[in-house]
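Summary of structural features
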Amino acid sequence: EKAPAAVQEGRHKEALRLYHSLLADSPQSDTAMINEAIEGVIDEIYGPKGSDESICVWKHYPLLSKSKPPGLQFRATCQMGDKIYVHGGCDFCENDILPSSDGDEVWEFNITKRQWRHIKTAGKSPGPRTGHSMFPWKGDLYLWGGMMEERSGTRRRYYFTKLYKLNMTGKGPVYKWEVVKTRSQEPFGREEYAGVLYKGKYYVHAGNNPNVEGSALKDTWVLNLSNFKWSPLKDGPVTRHCHCMWAGNNKLYVLGGRTDIPQDPANFSLMNVSNPSIEDFVSFDLGTKTWKYEDLVGKYRPHDLSEFTVLPLYNKDGDDEPSSVVIWGGYRDPGRPKTMTLADMKAKFGEEHEEFRLPYKKRLLRFDMKTNVWKPLKPTSPILPKAQSFMCRLKSENGITHFLIAEGYGVDPDHDTRDLSEKTRAEAHRLHQDAIALGHQVPADFESYMNGQQLSNHKPQYSNKVYEVLVTESFGERGAAGWSWNFFKTCADKLPGVETVLHPASPTLHNIVDLSLDDFLQPRIDLVVADDQNNLFGVRVKFDGLKGRQDLNGEAGRCGRWLSKTGRYEVFLSLYENGGKLGSISVKPENLLIADAVTTLEVEELLTYTSSDKRFPPTLINLARTSESDRPPLDDIIDPIPIARGGGVVPIFDTYRGPLSKEAHALLRTIANPEIGNDKMIACSLLAQKFSDEDRRNPNTKKMTESSIFFSEFVRDCKAKDSVR
């Protein structure tokens, strides 16, 4: 009774807590109903599938430097201000688990300049190593742990315990390493552990050291950075390595990793993998010094995961406690295939079971530190699965949180699916027959399952690409300033409606209504005058005093070109006010007023129920250019290579569905070709050519010529305005 009442009163997080508390004591017959209620409340708080709060926008963040660090994995990475630092690592993609000969280099990535540079160092350096960590403290970099193995002779492995400091506060260009003397007993050396800096202390948990207690560890240590004294804390509940840890709410949170399971010689060898990925999610309370398993709310889970990347997000810069956490990518070792049939995978991973047939992951999940809810964030464009990436914070503005996801290694699932050769299928068949011959019970779908598992044997590839990722700032804070509007109002016979927050900075605004962020801002011009295209192009105007189209008076349109022959402006009718029809009329300046800024209230009233005929349609651009060109298309449009008479022409097609400026709205409507487009798709035909007067007069090419010239001038103007950036 209390939970539905809390929903009615808008106390959704309290309702979520109440519903979840019922699960422990409710009979099995009631759990499905309770879980359904929980998912409904979660949708109320975080938005359902498809809403802005459940998506992430990925944008390529191109590098502006030729130099870059070697493509290594299991290296140390940390952020300090607007710089990223990396050290060490191994070339795991080439099956080399030993530290690289380049593994003692320090590289710096300047986030603002998008440039890598090699840092020159001196002094007693840590040396090549892998599986270690770095953290910033008072302007300097500190490094601890890791492994190094001799490449010849006894091939002895070393697991390091010394703490190193790279003095970054001194004058460059050479920065000095030094060993920091620590107090009391030190932890065992280790690799592939998890470390986190929290409130002036550095915490270390678990890791891998075959020389101590077998292999994977479960101990926890803290280094007090005020006196550099190590202290042991209570062991965690399970051994693990290749996991992640973060801190908040005076707790350490530990997720995933890989653990050791002793092999049973009596079992079929490939059915018993020694260190599978795990999904154990635990926390250590720094006050009570106790461990506990985190009780997750809702249907989504990180699942079995290792080698993933974690990034805490904060409501405000300077906050000590994160409000949420995002995790990206990772690797899943399936462990024991004999216990994971296709039916088992569907039962365990639900609607995401296909994703878990691949070893590398492309999931971005967000965790609410207050409610213990995990939410997957669906990318708006295709991305490749990666492990061992690094992430860093950028900024939060206009209700949007920006961060970087960079580098990593993995496989292209499309490529590897095509690479499931006869040899791979034959291997799966052989394993199937061997298992039967050994007297094992083998599921009917074993071969199909193993074909998917064979992907894990394919050679991984390293990527040095960097992406800027955008997510809503107001995760779980209903009514807070965010990029998104929430879809709460539903009706059985209609699409979901818009209620509460509509944010004009949303990157998916164009999917809902024919408007841009500019339309919500105060106009920079207050009067419509003749021949003022530079200032009026794309501006929303209001019809006033029309006699032939009195039905339009008081409505808004978007100003286009100045038509000098008629002394009028071309004005495009708003799709949301014109029944989704693409249309325009020519209007004298005296019949146009500058429209007021749009308010979110107006749009929410307009969009009682969303409809596709109110949004800006996708745009298809067809560009023809000389076959001799291999330049980016925009370069050809601005400065075309002439197409020789009788020479080859290559067509390029591209479709755009992204957000638009007010000028781009007007541009695309101006150059649209109505003969090949329609109300649901704007189609434009362009030619990268230096046009002659004859081309401009030719009725067969006049439209394409005018559109191409207009488009090239627009792009040239954009580049001029954007030249500083």
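Here we summarise the structure given alongside this text. (Residues numbered from 1 in each chain as written. Predicted model: local features only at pLDDT ≥ 70, side-chain atom pairs only at ≥ 80, totals over all residues. Heavy atoms only, no water.)

Moving on, we get to the sheet that holds strand β37 (residues 619-626). The three strands lie next to each other as β38-β37-β39, forming an open sheet whose pairing is mixed. What marks the edges here is a single partner per strand, and that holds for β38 (649-656) and β39 (682-687). Looking at each pair of strands side by side, their axes are set apart by 15° on average, direction ignored. Relative to β39, β37 runs parallel, the two being bridged by six bridges. (Pairing = 2+ DSSP bridges. Helix = DSSP H or I, 4+ residues; strand = E, 2+ residues; numbered from the N terminus. Axes fitted to C-alpha atoms, helices over the stretch in contact; angles between N-to-C directions.)

Assignment of secondary structure puts G200 in the loop between β12 (194-198) and β13 (201-208). Put simply, G200 and S226 are 26 residues apart on the chain and 7.3 Å apart in space, counted from C-alpha to C-alpha. If near-sequence neighbours (up to four positions away) are discounted, G200 is found in contact with W137, L223, N224 and L225. (Contact = heavy atoms within 4.5 Å.)

Looking now at the sheet that holds strand β29 (residues 466-472). Strand order across the open sheet formed by five strands is β24-β1-β29-β26-β25, with mixed pairing between neighbours. The open sheet has two edge strands, β24 (378-379) and β25 (390-397), and neither has a second partner. The sheet contact formed by β25 and strand β26 (residues 400-406) spans seven bridges and is antiparallel. Looking at β26, one finds that S396 is bridged to T401.

Attention shifts here to the nonpolar core. Within the largest apolar cluster, 21 residues are counted, with the highest numbers of intra-cluster contacts made by F537, L667, L668, I671, L686 and F711. Only α10 (633-638), α11 (662-671), β39 and α13 (702-721) provide two or more residues apiece to this core. Top contributing element to this core by residue count: α11, with five residues. Other than its neighbours up to four places away in sequence, F537 contacts C559, G560, R561, E663, A666, L667, T670, F710 and F714. Counting 17 residues, the second-largest nonpolar core is a separate cluster that includes V541, Y569, V571 and V587. (Core = buried A, V, L, I, M, F, W, Y, C linked by side-chain atoms within 4.5 Å. Buried < 20%, exposed > 50% of the residue type's maximum accessible area, 1.4 Å probe, protein only.)

Here we take up unusual backbone geometry. With a phi close to 60°, C242 is a non-glycine residue in the positive phi region. Note that C242 resides in the loop between β15 (229-233) and β16 (244-248). Accessibility expressed as a relative area gives 8% for C242, which makes it buried. In this structure, K289 is a non-glycine residue whose phi angle is positive, near 60°. Secondary-structure assignment places K289 in the loop between β18 (281-285) and β19 (290-293).

Further remarks concern the packing of α11 against α13. The geometry of α11 relative to α13 is characterised by a closest axis approach of 9 Å and an angle of 165° between their N-to-C directions. Here α11 is positioned roughly antiparallel relative to α13, judged by the angle of their axes. Both α11 and α13 take part in a crossing whose hand is left-handed. On α13, the residues touching E663, A664, L667, T670 and I671 of α11 are K703, S707, F710, F711 and F714. Broken down by class, the residue content of the contact of α11 with α13 amounts to six nonpolar, two polar and two charged. (Parallel < 35°, antiparallel > 145°, perpendicular 65-115°, else oblique. Left-handed = near helix turned anticlockwise from the far one by under 90°. Nonpolar A, V, L, I, M, F, W, Y, C, P; charged D, E, K, R; others polar.)

If you trace the backbone, S67 turns up in the loop between β1 (55-60) and β2 (76-80). Looking at S67, the relative accessible area reads 35%, which means it is partly exposed. In this structure, the C-alpha to C-alpha distance between S67 and W116, residues 49 residues apart in sequence, is 6.2 Å. The residues touching S67, leaving out its near neighbours within four places in the chain, are W107 and W116. Among the polar contacts made by the side chain of S67, one reaches the main-chain carbonyl oxygen of W116 at a distance of 3.3 Å. (Polar contact = N/O pair within 3.5 Å; in protein donor to acceptor, adjacent residues only side chain to side chain.)

The terminal C-alpha atoms of helix α2 (residues 12-23), which comprises 12 residues, lie 17 Å apart, in line with the 16 Å expected from a rise of 1.5 Å per residue. On its buried face, α2 sits against α1 (2-8) and α3 (28-46). (Expected span 1.5 Å × (residues − 1).)

A word on the environment of T508. Here T508 is to be found in the loop between β31 (494-499) and α8 (533-536). Judged by relative accessible area, which is 11%, T508 ranks as buried. Separated by 152 residues in sequence, T508 and L660 have C-alpha atoms that sit 9.9 Å apart.

In this section: the side chain of T705. Mapped onto the elements of the fold, T705 is located in helix α13. Residue classification places T705 among the buried residues on the basis of a relative accessible area of 2%. Non-local contacts of T705, meaning those with residues more than four positions away in its chain, are made with F691, D695 and R696.

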